[in-house]
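Chain by chain, the residues run as shown.
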Amino acid sequence: VLLSGVLIWLIPVGLLLRLLGNPLGLPAAGVGFLSVALSHGFFWAAMLKDGQMRGLKAAAVTFPDLLLFVPATLFSLWQIITKRA
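All of these numbers come straight from a predicted model, not from anything done at the bench. (Residues numbered from 1 in each chain as written. Predicted model: local features only at pLDDT ≥ 70, side-chain atom pairs only at ≥ 80, totals over all residues. Heavy atoms only, no water.)

A.B. asks: What should I look at first to understand the packing of aromatic side chains in this one?
C.D. replies: Here a ring pair, both rings aromatic, is described through the centre-centre distance and the interplanar angle of the planes. A full pass over the atoms with the stated rule returns two aromatic pairs. One aromatic cluster in this structure is built from Phe33, Trp44 and Phe63. (Phe/Tyr/Trp six-rings, centres within 6.5 Å; stacked < 30°, edge-to-face > 60°.)

Here it is in structure tokens:
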């Protein structure tokens, strides 16, 4: 989960780089998606098998859930550094 929580950030960063004209943006986004797909593929397959459309919606929660990991960690570190915790 930790690795996916970090590598998923390649998706939005890669797409942003591509929008800014960097040709490495799409491969970066692809690596990010593949890393999440490889680590969560069995979970997604089970969700789709058991829940059909509900399972698809539940599996889609993976992306925003993993995207929250890095900002939450950085915020916590900031709180510790500034002694606001």
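A.B. asks: How do you make sense of the nonpolar core when you look at a structure like this?
C.D. replies: What tends to happen in soluble globular proteins is that the nonpolar side chains get buried as a cluster. Judged by nonpolar contacts, Ile8, Ile11, Val36, Trp44, Ala59 and Leu66 together constitute the single largest core of six residues. Top contributing element to this core by residue count: helix α3 (residues 25-60), with three residues. The contacts of Ala59, once residues within four sequence positions are left out, are Trp44 and Met47. (Core = buried A, V, L, I, M, F, W, Y, C linked by side-chain atoms within 4.5 Å. Buried < 20%, exposed > 50% of the residue type's maximum accessible area, 1.4 Å probe, protein only. Helix = DSSP H or I, 4+ residues; strand = E, 2+ residues; numbered from the N terminus. Contact = heavy atoms within 4.5 Å.)

A.B. asks: Help me understand the side chain of Ser35 in this model?
C.D. replies: Tracing the sequence through the fold places Ser35 in helix α3. If sequence neighbours within four positions are ignored, Ser35 has contacts with Ser4 and Leu7.

A.B. asks: What is the right way to read helix α5 (residues 69-81) from this model?
C.D. replies: Think of an α-helix as 3.6 residues a turn; residues three or four steps apart then line up on the same face. If you check α5, its first and last C-alpha atoms are 18 Å apart, about what 13 residues at 1.5 Å a residue would give, namely 18 Å. After α5 finishes, the residue Lys83 shows a positive phi value of roughly 60°. (Expected span 1.5 Å × (residues − 1).)

A.B. asks: Whenever I open this one, the environment of Gly25 confuses me. Can you help?
C.D. replies: Mapped onto the secondary structure, Gly25 falls in helix α3. By relative accessible area, Gly25 is classed as buried at 0%. Here the alpha-carbon distance between Gly25 and Pro12, two residues 13 residues apart in the chain, equals 9.2 Å. Here Gly25 is in contact with Gly14, Leu15, Leu17 and Arg18, once residues within four sequence places are set aside.

A.B. asks: Which parts of the structure should I look at to understand the packing of helix α2 (residues 10-19) against α3?
C.D. replies: Each pair of packed helices can be described by the angle between their axes along with the distance between the axes. Closest axis-to-axis distance for the α2/α3 pair is 7 Å, and the angle between their directions is 165°. Classified by the angle between their axes, α2 and α3 sit roughly antiparallel to one another. As α2 packs across α3, the resulting crossing turns out to be left-handed. Residues Leu10, Ile11, Gly14, Leu15, Leu17 and Arg18 of α2 pack against Gly25, Leu26, Ala28, Ala29, Val31, Gly32 and Phe33 of α3. The residue inventory of the contact of α2 with α3, partitioned by class, reads nine nonpolar, three polar and one charged. (Axes fitted to C-alpha atoms, helices over the stretch in contact; angles between N-to-C directions. Parallel < 35°, antiparallel > 145°, perpendicular 65-115°, else oblique. Left-handed = near helix turned anticlockwise from the far one by under 90°. Nonpolar A, V, L, I, M, F, W, Y, C, P; charged D, E, K, R; others polar.)

Function cannot be read off these values alone, since they describe shape.
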